[in-house]
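# Fold and contact review
For reference, the chains in residue letters:
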Amino acid sequence: MVRPLSALSAALLAAALSGPAAAQAPSVAFSPFVSGLEQVTAITHAGDGSGRLYVAQQDGRIRVVQGSQVQSGTFLDLRALTRAGGERGLLGLAFDPAYKTNRRLYVHYTDRNGNTVLARYTAAAGGTRADPASAKTLFTAKQPYANHNGGQLAFGPDGFLYLGLGDGGSGGDPQNNAQNLASPLGKILRFDVRGAEAKPAPGNPFAGRSGANANIWAYGLRNPWRFSFDRQTGDLVIADVGQNAFEEVDRQPRASKGGENYGWRVREGRQCYEANCKSGPYTEPVLVYGRQEGQSITGGYVYRGSAVPALKGQYVFADFASGTVWGAPTTGQSWSKATLGKVSGPSTFGEDERGELYVAEYSSGRILKLTARP
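Residues numbered from 1 in each chain as written. Predicted model: local features only at pLDDT ≥ 70, side-chain atom pairs only at ≥ 80, totals over all residues. Heavy atoms only, no water.

### A word on the packing of aromatic side chains
To keep it simple, the criterion reads: Stacked, tilted and edge-to-face are the three classes assigned to paired rings of Phe, Tyr and Trp, where Trp is represented by its six-membered ring and a pair needs centres within 6.5 Å; plane angles under 30 degrees give stacked, over 60 edge-to-face, the rest tilted. Burial here depends on accessible area, computed with a 1.4 Å probe over protein chains only, as a share of the maximum for the residue type. Under 20% is buried, over 50% is exposed, and the range in between is partly exposed. Throughout this description, the term charge over a ring refers to an Arg CZ or Lys NZ atom that lies within 6 Å of the ring centre and within 35 degrees of the ring normal.
Within the structure shown, the criterion is met by 18 aromatic pairs. Plain terms: the ring middles of Phe 227 and Phe 229 are 6.4 Å apart, the flat faces sit at 90 degrees to each other, and that makes the pair edge-to-face. We classify Phe 229 as buried; its relative accessible area is 13%. The ring of Trp 264 has Arg 222 lying over it, and the distance from NZ or CZ to the ring centre is 5.9 Å. Across from the ring centre of Trp 326, 5.2 Å away, lies the NZ or CZ of Lys 337, which sits over that ring.

Next up, the structure:
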């Protein structure tokens, strides 16, 4: 009969098998920050020095958090424009880099027919309300199924607006959208929104190719549920939800000229998904995990705050199904993760102006702040 390992022996063995990065997991606490919210899909700041956090709820409302209090009322209410449920609703929120002067903000939602809408709004003076009458639709995409709508909106260090869209849904990307350069689905799109309209950003890699969508920056993604830019290096980190076996994290260096193909539906993680998987110019993920650890990745941020010094430079992310939150040092071409803790249904992460991190619990309506454990 084999004697069970003691807890200490098991921990030491796990650390040895996972590599040195996993053995140095920082001690992190998930401290209650605010509660009373509903199905949070995005947390961000306006970069205006106000210290406010802006929280998008799937139902279409954007709420303001000042200090550690959720303010009464709404910053913007889009409930009449969307039909939330499943993977639909208000999915993304980003503030213009010049928000202090132009008061522009951008939202990504699915309309009442389930199709993708990218729209711009303008905030009133004081920053506590956005003007519903200022709505300007900048981009739309037809969605063939109800799932895999992506979600993230974020400005890159180049000043352009990036939007992540899933492959259109169903299972296995039946229309092969992710590999089709004529479709915006299964892609990271990149827009120049400095003028009145949204245009393909200068330098987009397929802008001059016949039949290709000029907004595409990168492709071969299944359902990128949260991507972010490292505020120190400018690198783009993408969390892509898997199909049957693997969740993955992809990294695009700041110096990239775009055009990366992350492999879906030919590949899932580092393995073939299609039966006749051929070699190709696919960009390998930096991190993969299997179904024994979770089944729906929620991307986060490379931590650059000061509250948890030992976490600096690590990519913090989670799995929505298992609730596990990990940290991964962002060095080399293959990252090793270590468990930081568990939360309930982590739907999104957010960064404040100082680089501190927050994570939302989808069902409980709480936002937790990452702090150093005493």
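### Some words on unusual backbone geometry
What counts is decided by this rule: Every helix listed is a DSSP run of H or I at least four residues long, and every strand listed is a run of E at least two residues long, numbered separately from the N terminus.
Geometrically, the link from Trp 264 to Arg 265 is a cis peptide bond, its omega value of 10 degrees lying close to zero. Phi is positive for His 148, which is not a glycine, with a value near 60 degrees. When you line up the elements, His 148 lands in the loop between strand S10 (130-141) and strand S11 (153-155). A relative accessible area of 4% means that His 148 is categorised as buried. A positive phi is found at Ser 170, a non-glycine position, where the angle reads about 65 degrees.

### Here we look at the environment of Gly 169
Just so we agree on the cut-off: Here, residues are in contact when the closest pair of their heavy atoms is within 4.5 Å.
Among the structural elements, Gly 169 can be located in the loop between strand S12 (161-165) and strand S13 (187-192). As a C-alpha pair, Gly 169 and Gly 186 span 17 residues in sequence and 9.5 Å in three-dimensional space. Aside from chain neighbours lying at most four places away, what touches Gly 169 is Tyr 145, Asn 147, His 148 and Pro 174.

### What about the layout of surface pockets?
The condition that has to hold: Think of a 1 Å grid over just the protein atoms. A cavity is a set of points where a 1.4 Å probe fits yet cannot get out, a pocket is an open set with protein on both sides within 12 Å along at least five of seven lines, and lining residues have an atom within 4 Å of a point. Grid points are joined across faces, edges and corners, and a volume is the space filled by probe spheres set on the points. Under this grouping Gly is polar, as are all residues other than the nonpolar Ala, Val, Leu, Ile, Met, Phe, Trp, Tyr, Cys and Pro and the charged Asp, Glu, Lys and Arg.
Taken as a whole, the largest pocket encloses approximately 660 Å³ of empty space. Every residue lining the largest pocket is counted, 32 residues in all, and those nearest its centre are Thr 44, His 45, Ala 154, Phe 155 and Glu 351. Of all elements in the fold, only strand S2 (40-44), strand S7 (90-95), helix H3 (99-102), S11, strand S16 (224-229) and strand S26 (346-351) reach the threshold of two or more residues within the lining of the largest pocket. Element by element, the count of residues in the lining of the largest pocket is highest for S7, at four residues. Among the residues making up the lining of the largest pocket, the classes are represented as 16 nonpolar, ten polar and six charged. Roughly 360 Å³ of volume is contained in the second largest pocket. If you go around the second largest pocket, you meet 17 residues; those closest to its centre are Gly 86, Glu 87, Trp 225, Ser 296 and Phe 320. Here the lining of the second largest pocket is composed, by residue class, of five nonpolar, ten polar and two charged.

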